[in-house]
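Listed below, chain by chain, are the residues.
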Amino acid sequence: MRKLSYFIACSVDGFIGGPDGDATAMVSYVDEEFLRFLVAEYPETLPSQGRRMLGVDDLPNKRFDTVIQGRVSYDLALKEGVTSPYAHLREYVASRTLGESPDPNVEIVADDVVGKVRELKAEDSALDIYLCGGSKLAGELIDEVDELVVKTYPIVLGTGMPMFGSGFALSRFALESTRTFGNGAVVRTYSRER
């Protein structure tokens, strides 16, 4: 069975963006060292436009062949005129309000996102599913998340959008690895304890 991996950037105090979802304060931590890590270990998590700019558009997918994201995350790309931000992956957007997809590569999941993720996890594939965000979608899918890859940047936001926008639910994960970077960023990987 394939894994659903929540690959997410957050502040030290656990926010993935400000109250409106703005995460631009974290962008400055994607320096040369951190970018080398992303390209080497998680190339498919770089949006297609960024991959082209870096000249790594031809890199094969290493971990994921499918991405699912929420409407707020997808809107960030749409505001830039990008209708298929991860064209190198199968793309799903969870939205009850978007209606018709603006791109043939993007499938809208309007109902039963948990059922859709379970269907994707049951597919026969060597690669996993990348949960790109956001907070509300991660909260809906918390019981389906098999792996957390948390990129923590050395900033405190004080308030904002939490990693999981859900009610209180204790979920246990085991630390698998930790990697630190010269700029103070830390990437921790956890697997769900089942």
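Shown above is the structure to which this text applies.
As a starting point, this report considers the structure included with it. Computed from a prediction, not measured in an experiment: that's the story for all the values here. (Residues numbered from 1 in each chain as written. Predicted model: local features only at pLDDT ≥ 70, side-chain atom pairs only at ≥ 80, totals over all residues. Heavy atoms only, no water.)

Considerations on the overall build of the protein chain
Item 1. Within the protein chain one finds six helices and 10 strands.
Item 2. Taking 2.2 N^0.38 as the reference for a compact globule, 194 residues should give roughly 16 Å; the C-alpha atoms of the protein chain span a radius of gyration of 16 Å, in line with that estimate.
Item 3. The C-alpha extent of the protein chain, read off along each of the three principal axes, is 40 × 40 × 35 Å.
Item 4. Long-range contacts, defined as pairs at least 24 residues apart, comprise 68% of the intrachain contacts of the protein chain with a sequence gap of at least 6.
Item 5. Separation of charge centres in the protein chain, based on 21 positive and 30 negative side chains, amounts to 3 Å. (Helix = DSSP H or I, 4+ residues; strand = E, 2+ residues; numbered from the N terminus. Rg over C-alpha atoms; globule rule 2.2 N^0.38 Å. Contact = heavy atoms within 4.5 Å. Lys, Arg positive; Asp, Glu negative; His and termini not counted. Charge placed at Lys NZ, Arg CZ, Asp CG, Glu CD.)

Here's the deal with the packing of aromatic side chains
Item 1. Per the stated rule, a full pass over the model turns up 11 aromatic pairs.
Item 2. When the centroid spacing of 5.1 Å and the interplanar angle of 65° are considered together, the rings of Tyr-6 and Phe-164 count as edge-to-face. Taken together, the positions of Tyr-6 in strand β1 (residues 4-11) and Phe-164 in the loop between β8 (161-162) and β9 (173-180) put the pair 158 residues apart, joining distant regions of the chain.
Item 3. Aromatic pair Phe-7 and Tyr-130: ring centres 5.9 Å apart, planes at 85°, arrangement edge-to-face. Taken as a pair, Phe-7 in strand β1 and Tyr-130 in strand β6 (residues 128-133) lie far apart in primary sequence, 123 residues in all. (Phe/Tyr/Trp six-rings, centres within 6.5 Å; stacked < 30°, edge-to-face > 60°.)

Looking at the nonpolar core
In a soluble, globular protein the nonpolar side chains are often hidden away together inside.
Item 1. Core analysis: the biggest nonpolar cluster contains 26 residues, and Leu-4, Tyr-6, Ile-68, Leu-131, Val-145, Leu-148 and Phe-164 have the highest contact counts within it.
Item 2. For this core, the secondary-structure elements that each account for two or more residues are β1, β4 (90-94), α5 (113-121), β6, α6 (135-140) and β7 (147-153).
Item 3. The element that contributes the greatest number of residues to this core is β1, accounting for four residues.
Item 4. In contact with Leu-4, not counting residues within four places along its chain, are Ile-68, Val-117, Lys-121, Ile-129, Leu-131, Leu-141, Glu-144, Val-145, Asp-146 and Glu-147.
Item 5. In terms of nonpolar packing, the next biggest core, distinct from the first, is built from 21 residues, Tyr-29, Phe-34, Tyr-42 and Leu-89 among them. (Core = buried A, V, L, I, M, F, W, Y, C linked by side-chain atoms within 4.5 Å. Buried < 20%, exposed > 50% of the residue type's maximum accessible area, 1.4 Å probe, protein only.)

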